[in-house]
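# A closer look at the structure
One-letter residues, chain by chain:
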Amino acid sequence: MSAKWTAADVPDQSGRVAIITGSNTGIGFGAAKVLAAKGAHAVLAVRNVDKGNDAAARIKSDSPDATVTVQHLDLTSLDNIRAAADELRTKFDRIDLLINNAGVMYTDKAQTKDGFELQFGTNHLGHFALTGLLLDKLLPVDGSRVVTVSSIGHRIRAKIHFHDINLDRNYNRVDAYGQSKLANLLFTYELARRLEAKGAPTVATAAHPGAADTELLRNMPPGIRQVGQFVWSTFIAQSADMGAEPTLRAATDPAAKNAEYYGPSGFQEQRGHPKVVASSAQSHDESIQRRLWTVSEELTGVTFPV
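Heads up: these notes are all about the structure in this document. Because the structure is predicted, anything quoted here is derived from the model rather than measured.

Turning next to unusual backbone geometry. Unusually for a residue other than glycine, Tyr-106 sits at a positive phi of about 55°. Within the secondary structure, Tyr-106 is located in the loop between strand 4 (97-100) and helix 4 (118-138).

As structure tokens, this is what we get:
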């Protein structure tokens, strides 16, 4: 393996089933493309099936022997998540990789179909429910993994607002995004602990893509934002394929361990090849992890077999 981990280091994935949410574009597409090229059956779990079919065709054009299918998945609807999980459970006897990648960022105040704040409902609760509904297909499988994509935004104005989880009283798009991305890590670490307690072969990891998944300049004054955006796009931001590398390493590196978090190795984790990185002290607070887990079960009605 090279000193700098790259997509070329992804081991053979033949015979493995990999479900990637939000994989018709961006880093999800980048991850799916590599996994399919390495032999996995890549399942593009997407809200827009037409865009998913286009993405599958692009992957097949690059890798004609690839196995790629599209699964309709709307993370803003618990009914749809249950229906998608039922379809996936019928199609596949086993699942090797579940990559919780889809997400929304800095949206106007809005709600999911079930009345949850849109960013928390999509980024965390939707993936929490999907994972719980599919986990028993991963638990018997050696080398199986649940990878959840967080963000450096988990450090920015981030806390779990347990007394106003939907931010009904005081909505702020940055607060809402930070809450959702912090929740992704709290979920990963609690799931990892439960998997270890069960002695399961399944591992729970997390990743973030660095600059590919941040829009930190959006709330700056227009002039500063324009200059900053030029600097950002010219000197800092990296390609979607590079942004996918932390996800791929978290999903496939044989040395990856439960509760590890991967991100870019460069300055402030904005770009570069993936390595194990640290997350906030808050994300490691076991009392918050457990409380969020209980709240998430109550809100989604989904319980886990661990």
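Here we take up the packing of helix 4 against helix 8 (residues 286-300). In the contact formed by helix 4 and helix 8, the axes pass within 10 Å of each other and the chain directions differ by 85°. If you check the angle between helix 4 and helix 8, you find them roughly perpendicular. Seen from helix 4, the contacting residues are Phe-120, His-124, Leu-125, Phe-128 and Ala-129; seen from helix 8, they are Leu-292, Trp-293, Ser-296, Glu-297, Leu-299 and Thr-300. For the contact of helix 4 with helix 8, the residue count by class is seven nonpolar, three polar and one charged.

Counting across every chain of the model gives seven aromatic pairs. Centre to centre, the rings of Phe-187 and Trp-293 are 5.8 Å apart; their planes meet at 25°, and the pair counts as stacked. With Phe-187 in helix 5 (residues 173-198) and Trp-293 in helix 8, this residue pair connects regions lying 106 residues apart in the sequence. Of the residues examined, Phe-187 reaches a relative accessible area of 3% and is grouped as buried. By relative accessible area, which is 2% here, Trp-293 ends up buried. Judged by centre distance (6.2 Å) and plane angle (65°), the ring pair of Phe-187 and Phe-304 falls under edge-to-face. One end of the pair, Phe-187, is in helix 5; the other, Phe-304, is in the segment after helix 8, with 117 residues separating them in the sequence. Assigned by exposure class, Phe-187 and Phe-304 land together as buried. By way of ring pairs, the aromatic residues Phe-128, Phe-187, Trp-293 and Phe-304 are connected into one cluster. The cationic tip of Arg-58 hangs over the ring face of Phe-29; the distance from NZ or CZ to the ring centre is 4.3 Å.

The rules we used
- Residues numbered from 1 in each chain as written.
- Predicted model: local features only at pLDDT ≥ 70, side-chain atom pairs only at ≥ 80, totals over all residues.
- Heavy atoms only, no water.
- Helix = DSSP H or I, 4+ residues; strand = E, 2+ residues; numbered from the N terminus.
- Axes fitted to C-alpha atoms, helices over the stretch in contact; angles between N-to-C directions.
- Parallel < 35°, antiparallel > 145°, perpendicular 65-115°, else oblique.
- Contact = heavy atoms within 4.5 Å.
- Nonpolar A, V, L, I, M, F, W, Y, C, P; charged D, E, K, R; others polar.
- Phe/Tyr/Trp six-rings, centres within 6.5 Å; stacked < 30°, edge-to-face > 60°.
- Buried < 20%, exposed > 50% of the residue type's maximum accessible area, 1.4 Å probe, protein only.
- Lys NZ or Arg CZ within 6 Å of the ring centre and 35° of its normal.

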